[in-house]
Amino acid sequence: MQLKINGQTVEVTETKSLLDVVKEFGASAPFALAVNGQFVPKSQHESWNLAEQDSIEILSPVQGG
Amino acid sequence: MQDKLSDQEATRYSRHLLLSQIGEGGQIKLKNAHAVVVGAGGLGSPVCLYLAAAGVGKITIIDPDTIEVTNLQRQILYKTNHVGREKAQMAANQMQALNPLIQVQAIGKKVENCNFEQVIKDATAVLDCTDNVSSRYFINQICVQAQVPLISAAAIRGEGQFMMFNFKQQTSPCYHCVFPDLDGDEAGLNCSNAGVVGPLLGLMGSKQALEFVKYVVKPESCSFAKLTVIDIWSEQNRQFNLAADPACPVCTAPEL
Ligand SMILES: [Zn+2]
């Protein structure tokens, strides 16, 4: 299955969860995730079903002010 | 509740009165509004200055810190001769000097120790301009409980994030839904160890002040529950629709 992560095209096997995919990509906690512009809550990171051509964004928290 | 503007106010705010979206009615709403600003630093500076200039009738500024020379690169409320003075009081002085027609309250304490529930009781919205995760979590939790809208921004290096939540809406997500696992991140990146581009704070803080004004005069024009991410170097600005996490311990109703 072909996906985009932060704009970069990646190829993954069908069975991986959203969480596994982004971890394999190199994301390290804490982060927030969005798929096709929709935020995916943390409690759904493992159960979220990815589809061909989904565009995943990994967002690092910013706290400064 | 005040229902009219004085001649002095009508003159001062004339550039607002010309706008169909604000006009006299909107300016009166601003006069009756109460903004609670937490953090009088890089974000809080433009927030305080614009809200005071815009004629927000009551502004509360909360910050426990004193002004340091390293703040002056971005915290535009302060002048070089203010170094060593208390931020909250100095911010209040600056706002009052800018606009003597409004009411300003300074609280020189940590938000966690200022009886925040009481402070925001009559607040129109809270503007989170803090620089640390524990204050952000605390402010979020109290705003959720009190159903007071939260206008949150943050910036570091060349990255900015903006979120606005209307906790009067039952289904609203909260800050904790978006970033639930920052507890151990206290030693993470902040402006003092990672740096930040000064004018980026102006951009993000101005956005907060702008959305406060919009929320007061025309709430239907505000985009709630979206995360806007700005990267000044790539000029890639992205926006995401947020959703509540059903597992969020902060905003998920405990009983029912
Ligand atoms: Zn929540």
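These remarks concern the structure in this document. By convention here, each chain's residues receive numbers from 1 onward along its written sequence. Going through the entries in the order they are written, you letter the chains from A and number the ligands from 1. Given that the model is predicted, a residue must reach a pLDDT of at least 70 before its local features are reported, and side-chain atom pairs must reach 80 or more before they are shown or counted; all residues, however, enter totals for whole chains, interfaces and linings. The side-chain numbers reported here are obtained from all heavy atoms of the structure, hydrogens and water having been left aside.

## Digging into the overall build of chain B
Reasoning step 1: Secondary structure follows DSSP: runs of H or I at least 4 residues long count as helices, runs of E at least 2 residues long count as strands, and numbering of each begins at the N terminus. A count of helical and extended segments in chain B gives ten helices and eight strands.
Reasoning step 2: Relative to the compact-globule value of 18 Å for 256 residues, chain B shows a C-alpha radius of gyration of 18 Å, a close match.
Reasoning step 3: In this scheme, a residue with accessible area under 20% of its type's maximum is buried, one over 50% is exposed, and one in between is partly exposed, where area comes from a 1.4 Å probe on protein chains only. Split into buried and exposed, the 256 residues of chain B put 53% on the buried side.
Reasoning step 4: Within chain B, residue pairs in contact and separated by at least 24 positions form 66% of the contacts whose partners lie at least 6 positions apart.
Reasoning step 5: Computed with the Shrake-Rupley method and a 1.4 Å probe, the accessible areas treat only the protein chains shown as cover for residues. Only carbon and sulfur atoms are counted for the fraction: they give 50% of the accessible area of chain B, which is about 11,700 Å². Computation of the radius of gyration draws on C-alpha atoms, with the globule rule given as 2.2 Å multiplied by the number of residues to the power 0.38. By definition in these notes, contact holds between two residues if any of their heavy atoms fall within 4.5 Å.

## Some words on helix 5 (residues 87-98) of chain B
Residue and element names in this part refer to chain B.
Reasoning step 1: Multiply 1.5 Å by the residue count of a helix minus one, and that product is the helix's expected span. When the terminal C-alpha atoms of helix 5 are compared, their 16 Å separation across twelve residues agrees well with the 16 Å that a helix rising 1.5 Å per residue should span.
Reasoning step 2: Of all the residues in helix 5, the buried ones are Lys87, Ala88, Met90, Ala91, Ala92, Gln94 and Met95.
Reasoning step 3: Check the buried side of helix 5 and you find it contacts helix 4 (44-54), strand 2 (58-62) and strand 3 (103-107).

## Focus on the pairing of strand 1 (residues 34-38) of chain B
All names here are of chain B.
Reasoning step 1: Among the five residues in strand 1, five count as buried, and that is most of the element.
Reasoning step 2: Burial along strand 1 is two-sided: His34, Val36 and Val38 and Ala35 and Val37, pointing in opposite directions, are all buried.
Reasoning step 3: Sheet analysis places strand 1 next to strand 2, joined by five bridges and oriented parallel. Across the sheet, the residue bridging to valine 36 is threonine 60, located in strand 2.
Reasoning step 4: Here a crossover is taken to be right-handed if, once the strands point away from the viewer, the path from the first strand over the helix to the second is traced clockwise. On the question of chirality, the crossover connecting strand 1 to the parallel strand 2 by way of helix 4 is right-handed. Strand pairing is assigned whenever DSSP detects at least two bridges linking the two strands.

## Quick word on helix 7 (residues 133-146) of chain B
All names here are of chain B.
Reasoning step 1: End to end, helix 7 covers 20 Å across 14 residues, agreeing with the expected 20 Å (1.5 Å per residue, within 8%).
Reasoning step 2: Burial analysis of helix 7 places ten of its 14 residues in the buried class, the great majority of the element.
Reasoning step 3: Of all the residues in helix 7, the buried ones are Val133, Ser135, Arg136, Tyr137, Phe138, Ile139, Asn140, Ile142, Cys143 and Val144.
Reasoning step 4: Elements in contact with the buried residues of helix 7: strand 1, helix 6 (116-119), strand 4 (125-128), strand 5 (150-156) and helix 8 (175-178).

## Notes on the nonpolar core
Residues and elements named next belong to chain B.
Reasoning step 1: Side-chain atoms within 4.5 Å are what join buried Ala, Val, Leu, Ile, Met, Phe, Trp, Tyr and Cys residues into a set we call a nonpolar core. Ranked by internal contacts, the top residues of the largest apolar core, which has 47 residues, are Val37, Leu51, Leu127 and Phe212.
Reasoning step 2: Ranked by the residues each element gives to this core, the list is headed by helix 10 (residues 198-217), at nine residues.
Reasoning step 3: Counting 40 residues, the second largest nonpolar core, distinct from the first, contains Ile62, Val119, Ile142 and Leu182.

## Thoughts on the interface of chain B and chain A
Reasoning step 1: At the interface, 36 residues of chain B touch 19 residues of chain A.
Reasoning step 2: Once two parts are joined, some of their accessible surface, as seen by a 1.4 Å probe, is lost; buried area is that loss totalled over both. Across the chain B to chain A interface the summed buried area is about 2,200 Å²; carbon plus sulfur atoms make up 57%.
Reasoning step 3: In terms of surface lost to chain A, no three residues of chain B exceed Asp181(B), Phe240(B) and Asn241(B), which account for 22% of the buried area on that side.
Reasoning step 4: Each reported salt bridge corresponds to a side-chain nitrogen of Lys or Arg within 4 Å of a carboxyl oxygen of Asp or Glu. Inspection of the chain B/chain A interface yields two salt bridges.
Reasoning step 5: Residue Lys42(A) pairs with Asp181(B) through a salt bridge whose shortest N-O separation is 3.8 Å.
Reasoning step 6: At the level of elements, helix 7, strand 5, strand 6 (159-165), helix 8, strand 7 (226-231) and strand 8 (238-241) of chain B are the ones that each hand at least two residues to the side of chain B that touches chain A.
Reasoning step 7: With four residues, the single largest contributor to the side of chain B that touches chain A is strand 8 of chain B.

## Let's talk about unusual backbone geometry
A negative phi angle characterises most non-glycine residues, just as the trans form characterises most peptide bonds.
Reasoning step 1: Between Ala29(A) and Pro30(A) the backbone carries a cis peptide bond, its omega angle lying at 0 degrees.
Reasoning step 2: Residue position: Pro30(A) is located in the loop between helix 1 (18-25) and strand 3 (32-35).
Reasoning step 3: A positive phi angle, close to 50 degrees, is found at Asn36(A), a residue other than glycine.
Reasoning step 4: When you line up the elements, Asn36(A) lands in the loop between strand 3 and strand 4 (38-40).
Reasoning step 5: Positive phi, normally seen in glycine, also occurs at Ala225(B), with a value near 55 degrees.
Reasoning step 6: Take Ala225(B): it is sitting in the loop between helix 10 and strand 7.

## Comments concerning the coordination of the zinc ion
All names here are of chain B.
Reasoning step 1: Looking at the zinc ion, the protein donor atoms are Cys174 (SG), Cys177 (SG), Cys248 (SG) and Cys251 (SG), and they sit 2.2 to 2.3 Å from it.
Reasoning step 2: With water omitted from the atoms examined, metal sites may look incomplete; donors here are N, O and S atoms no farther than 2.8 Å from the metal, or 3.2 Å in the case of Na, K and Ca. Sites are called tetrahedral only when four donors show all angles between 85 and 135 degrees, square planar or octahedral only when four or six donors show opposite pairs over 155 degrees and all other angles between 65 and 115, and irregular in any remaining case. One way to put it: the four donor atoms around the zinc ion meet at angles of 93 to 121 degrees, and that makes the site tetrahedral.
Reasoning step 3: Within one chain, the residues donating to the zinc ion are spaced in sequence as C-x2-C-x70-C-x2-C. Of this pair, cysteine 177 sits in helix 8 while cysteine 251 is found in the segment after strand 8, placing the two residues 74 residues apart along the sequence. As far as burial versus exposure is concerned, cysteine 177 and cysteine 251 are alike and both buried.

## Side note on the packing of aromatic side chains
Residue and element names in this part refer to chain B.
Reasoning step 1: Pairing of aromatic rings covers Phe, Tyr and Trp, the last counted by its six-membered ring, and requires centre-to-centre distances within 6.5 Å; plane angles under 30 degrees mean stacked, over 60 mean edge-to-face, and any other angle means tilted. Under the defined criterion, the tally for this structure stands at five aromatic pairs over all chains.
Reasoning step 2: Both rings, one in phenylalanine 165 and one in phenylalanine 167, keep their centres 5.7 Å apart while their planes meet at 10 degrees; by these two values the pair is stacked. The two residues phenylalanine 165 and phenylalanine 167 agree in class, both being buried.
Reasoning step 3: Among the aromatic residues, those joined into a ring-pair cluster are Tyr137, Tyr175 and Phe179.

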